Amino acid sequence: KQWYQRRVRGWISLSVMLGEVKDTRMLPRIVAISMTIVTILYVLAVTSYHIILDMDTMKSGSALASKLAGIKIGQAGEVFYAIAVAVSTLGNAMCASLAASRFLQAGGRSGILPGCFGLVNTKFKTPVFSLLFVMVASTVFISFGNVFKLINTASFTSFAFTTLCAVGLLVMRRTLPDIPRPAKVSLFFPVSTAVMGLYLFVIPWITNWSMCLLWTGLTLAGVPVYFVCVRGVYRPSSFIKLSDSWTNFMGKLLNSE
């Protein structure tokens, strides 16, 4: 599961940032090299855990890298690995925030979300409002309690949409083979992503079906909102004026347009 998350998250984040990549022809090579390196490193790390650590330590599942370093290097190794993990976590959080804000920006620009999400700072060329929204939303969710439950629930919904995106890519390759696209990758990547994503989406229904049912319901609750507010089934003029006023206000406040 962790290997899949690290492998696919990088691909997704890179794809989201494609609009800011100067030479899109490098994308397939970047995807292939990065996913291969992550896979090899993860396999080597897990193999070293099984060789050096005993079963009781493995079952604890906490700070395995630091414990391994403590055994082979000593206390200095534990400190080094702890700092390395902290830096890696910070980098992962920054990449996740960067990618998530671009999702929201695309939604705002295409009309799926309110226009304020599509605002881009005139100086730094970054979606400031979307970044602020991601930070506030993350803080609110974390404050509710157990962060590990939040990770599991977020991973569950993420696997669902990641799998759908991979399947959608395969369908488009079949139905729209000549559609213009800035880069093309091997079918191995979407196929493996779809297979692993489907597996990791189904397994939680067996182990914790109540959590899956709750988050599936919350996700589906957005469907009527989409058809009513986005597709224009019912969009009162007061709602449109309020949205436009808020977008203009945030644009001036954040120096964005």
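Right, let's walk through the structure included here. (Residues numbered from 1 in each chain as written. Predicted model: local features only at pLDDT ≥ 70, side-chain atom pairs only at ≥ 80, totals over all residues. Heavy atoms only, no water.)

### Focus: the overall build of the protein chain
Now for step 1: Each helix and strand counted, the protein chain has 11 helices and zero strands in total.
Now for step 2: Each helix (α) and strand (β) of the protein chain, taken in turn from the N terminus, gives the series α-α-α-α-α-α-α-α-α-α-α.
Now for step 3: Taken over 257 residues, the protein chain has a buried fraction of 28%.
Now for step 4: Put simply, of all contacts in the protein chain between residues at least 6 apart along the chain, 61% involve residues at least 24 apart.
Now for step 5: On the protein chain, roughly 17,000 Å² of surface is accessible, and the fraction owed to carbon and sulfur atoms is 70%. (Helix = DSSP H or I, 4+ residues; strand = E, 2+ residues; numbered from the N terminus. Buried < 20%, exposed > 50% of the residue type's maximum accessible area, 1.4 Å probe, protein only. Contact = heavy atoms within 4.5 Å. Areas by Shrake-Rupley, 256 points an atom, 1.4 Å probe, with all protein chains shown as cover.)

### Here we look at the packing of helix 7 (residues 147–175) against helix 9 (residues 209–220)
Now for step 1: Following both chains from N to C, one finds helix 7 and helix 9 inclined at 60°, their axes separated by 10 Å at the closest point. Considered as vectors, helix 7 and helix 9 are oriented oblique to each other. For helix 7 against helix 9, the interelement crossing comes out right-handed. Note on element contacts: helix 9 touches helix 7 through M211, C212, W215, T216 and T219, opposite T153, F156, T157 and F161.
Now for step 2: Tallied by class, the residues present in the contact of helix 7 with helix 9 amount to five nonpolar, four polar and no charged. (Axes fitted to C-alpha atoms, helices over the stretch in contact; angles between N-to-C directions. Parallel < 35°, antiparallel > 145°, perpendicular 65-115°, else oblique. Left-handed = near helix turned anticlockwise from the far one by under 90°. Nonpolar A, V, L, I, M, F, W, Y, C, P; charged D, E, K, R; others polar.)

### Observations concerning the packing of helix 7 against helix 8 (residues 188–207)
Now for step 1: Two numbers describe how helix 7 lies on helix 8: the axes approach to 8 Å, and their chain directions differ by 145°. Helix 8 is crossed by helix 7, and the crossing has left-handed handedness. Contacts from F156, F159, A160, T162, T163, A166, V167, L169 and L170 of helix 7 reach helix 8 at P190, V191, T193, A194, G197, L198, L200, F201, P204 and W205.
Now for step 2: A class-by-class count of the residues in the contact of helix 7 with helix 8 yields 15 nonpolar, four polar and no charged.

### Some details on the environment of A82
Now for step 1: By the element assignment, A82 lies in helix 5 (residues 75–110).
Now for step 2: Owing to a relative accessible area of 40%, A82 belongs among the partly exposed residues under this scheme.
Now for step 3: Remark: the alpha-carbon pair of A82 and S66, spanning 16 residues in sequence, is separated by 6.1 Å.

### Focus: unusual backbone geometry
Now for step 1: In this model, K125 sits at a positive phi of 60°, which is unusual for a non-glycine residue.
Now for step 2: K125 gets classed as exposed once you look at its relative accessible area, which sits at 56%.
Now for step 3: Here the phi dihedral of N255 falls at roughly 50°; this positive angle occurs in a residue that is not glycine.
Now for step 4: Assignment of secondary structure puts N255 in the segment after helix 11 (237–253).

### Some points on the nonpolar core
Now for step 1: Within the largest apolar cluster, nine residues are counted, these being L104, C116, F117, L119, V128, F129, V134, M250 and L254.
Now for step 2: Each residue touching L104, except ones within four places of it in the same chain, is listed here: L113, F117, S130, F133 and V134.
Now for step 3: Judged by nonpolar contacts, the second largest core, of six residues, contains M58, L64, A65 and L68. (Core = buried A, V, L, I, M, F, W, Y, C linked by side-chain atoms within 4.5 Å.)

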